[in-house]
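Now for the letters of each chain:
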Amino acid sequence: MASLDDFPITRRWPPQDPSVLQLYSYPTPNGIKVSAFLEESGLPYEAHRVTLDDADVKSPEFLSLNPNNKIPAIIDPDGPDGHPFGLFESGAILIYLAEKTGRFLPADPRGRHETMQWLMFQMGGVGPLFGQLGFFVKFKGAEVADPIPRERYVGEARRLLGVIETALEGRDWIAGEYSIADMALAPWLGALDFYGAKDLVGWTDHPRTVAYLDRFTARPAVQRALDIPPREG
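Quick summary incoming for the structure in this document. (Residues numbered from 1 in each chain as written. Predicted model: local features only at pLDDT ≥ 70, side-chain atom pairs only at ≥ 80, totals over all residues. Heavy atoms only, no water.)

**Here's the deal with the overall build of the protein chain**
Here is step 1 of the chain: Within the protein chain, the secondary structure is distributed over 10 helices and four strands.
Here is step 2 of the chain: Dimensions of the protein chain, computed from C-alpha atoms along their principal axes, come out at roughly 55 × 45 × 25 Å.
Here is step 3 of the chain: Evaluated residue by residue, the protein chain yields a buried proportion of 51% over its 233 residues.
Here is step 4 of the chain: Put simply, 68% of the contacts in the protein chain that link residues at least 6 apart link residues at least 24 apart.
Here is step 5 of the chain: Between the centroid of the 23 positive side chains of the protein chain and the centroid of its 32 negative side chains there is a distance of 4 Å. (Helix = DSSP H or I, 4+ residues; strand = E, 2+ residues; numbered from the N terminus. Buried < 20%, exposed > 50% of the residue type's maximum accessible area, 1.4 Å probe, protein only. Contact = heavy atoms within 4.5 Å. Lys, Arg positive; Asp, Glu negative; His and termini not counted. Charge placed at Lys NZ, Arg CZ, Asp CG, Glu CD.)

Spelled out as structure tokens, the structure:
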């Protein structure tokens, strides 16, 4: 059985079965990405609930695995060299798991690079911009009197939705086949509802995108991933 004793995070969130992949997460869009992959692939894993409270994500134990204090993070007891391997950043984790399992990332170079293209689109565009939109619509930024920040992020969200709407013409999934790009992108589209921003960004003006999110959330594995680890402890 693999020993994970060298990872301080296991002192706060001890594994029940250290021979399986350990997931440290919470069901935000970034957390759902990895839970969805694990549920879709059937890779054995154990989920540990790490809330967004400073007491969790800024604890010495969590920072020992992810110095950027963001979920999700993983420990794979069977890493690339056969030894335990820790990893953070949701996009990097998706690539790692896709390569480990041979699932949800095309083997042919064209398909692989197109999938990576849309994964990077989410990581560099949709995630950061939608996150800022949420800050200025639902959270503390909503108290800012100056309308310019909010207008900027509403406008950028509309633009990004237009890019997605165009890309989905004639296809069910963003890169052709269902892939890690969809697991990364679709949860952030779902966040617009949580932020109460759908009307602001013209959600219903993007029918292909609406149908795309519906297809994603209808998948049984995704349904399970939406509450992994459970929101309530």
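So, next bit.
**Considering the packing of aromatic side chains**
Here is step 1 of the chain: For the structure on display, the rule yields 13 aromatic pairs.
Here is step 2 of the chain: Between Trp173 and Tyr212, the ring centres sit 5.8 Å apart and the planes meet at 65°, which makes this aromatic pair edge-to-face. With a gap of 39 residues between them, Trp173 in the loop between helix H7 (148–167) and helix H8 (180–194) and Tyr212 in helix H9 (residues 207–218) connect regions that are remote in the sequence.
Here is step 3 of the chain: Among the residues examined, Tyr212 registers a relative accessible area of 0% and is labelled buried.
Here is step 4 of the chain: Here the aromatic rings of Phe194 and Tyr195 are separated by 5.8 Å at their centres, their planes lie at 55°, and the arrangement is tilted. (Phe/Tyr/Trp six-rings, centres within 6.5 Å; stacked < 30°, edge-to-face > 60°.)

**What about the sheet that holds strand S3 (residues 73–76)?**
Here is step 1 of the chain: On the basis of which strands lie adjacent, the open sheet formed by four strands has the order S2-S1-S3-S4 and mixed pairing. Each edge of the sheet is formed by a strand with only one pairing partner; in this case those strands are strand S2 (45–49) and strand S4 (85–88). Strand-to-strand twist of the sheet, defined as the mean angle between neighbouring strand axes without regard to direction, takes the value 15°.
Here is step 2 of the chain: Taken together, the four bridges between S3 and S4 define a ladder with antiparallel strand orientation. Directly across from Ile74, in S4, lies its bridge partner Leu87.
Here is step 3 of the chain: Against the sheet, helix H2 (residues 29–41) engages strand S1 (21–25), S2 and S3, with an angle of about 150° to S1. (Pairing = 2+ DSSP bridges. Axes fitted to C-alpha atoms, helices over the stretch in contact; angles between N-to-C directions.)

**Observations concerning the nonpolar core**
Here is step 1 of the chain: Among the nonpolar cores identified, the biggest contains 60 residues, and Ile74, Leu97, Phe130, Leu133, Ile174, Ile180 and Leu189 are the most heavily contacted of them.
Here is step 2 of the chain: Where this core is concerned, the elements lending two or more residues are S1, H2, helix H5 (90–101), helix H6 (109–137), H7, H8, H9 and helix H10 (220–225).
Here is step 3 of the chain: Apart from the residues lying within four places of it in its own chain, the contact partners of Leu133 are Tyr153, Val154, Ala157, Leu192, Ala197 and Val201.
Here is step 4 of the chain: Core analysis: the second largest hydrophobic core is formed by 13 residues, Tyr24, Tyr26, Leu65 and Ala73 among them. (Core = buried A, V, L, I, M, F, W, Y, C linked by side-chain atoms within 4.5 Å.)

**Let's talk about the environment of Gly141**
Here is step 1 of the chain: As for its position among the elements, Gly141 is in the loop between H6 and H7.
Here is step 2 of the chain: With a relative accessible area of 4%, Gly141 lands in the buried category.
Here is step 3 of the chain: Put simply, Gly141 and Met116 are 25 residues apart on the chain and 32 Å apart in space, counted from C-alpha to C-alpha.
Here is step 4 of the chain: Ignoring sequence-local partners within four residues, the contact set of Gly141 consists of Phe135 and Phe136.

**Details of the packing of H6 against H7**
Here is step 1 of the chain: Contact geometry of H6 with H7 gives a least axis separation of 9 Å together with a crossing angle of 145°. The handedness of the crossing between H6 and H7 comes out as left-handed. Contacts between H6 and H7 pair Trp118, Phe121, Gly125, Val126, Leu129, Phe130, Gln132, Leu133 and Phe136 from the former with Pro149, Arg150, Tyr153, Val154, Glu156, Ala157, Leu160, Leu161, Val163, Ile164 and Ala167 from the latter.
Here is step 2 of the chain: The class makeup of the residues in the contact of H6 with H7 is 16 nonpolar, two polar and two charged. (Left-handed = near helix turned anticlockwise from the far one by under 90°. Nonpolar A, V, L, I, M, F, W, Y, C, P; charged D, E, K, R; others polar.)

**Thoughts on the packing of H2 against H8**
Here is step 1 of the chain: Between H2 and H8, whose axes approach to 8 Å, the crossing angle comes to 140°. It follows from the interaxial angle that H2 and H8 lie oblique. Crossing geometry of H2 relative to H8 is assigned as right-handed. Counting all contacts with H2, which are made through Pro29, Asn30, Ile32, Lys33, Ala36, Phe37 and Glu40, the residues of H8 involved are Ile180, Met183, Ala184, Pro187, Trp188 and Ala191. (Parallel < 35°, antiparallel > 145°, perpendicular 65-115°, else oblique.)

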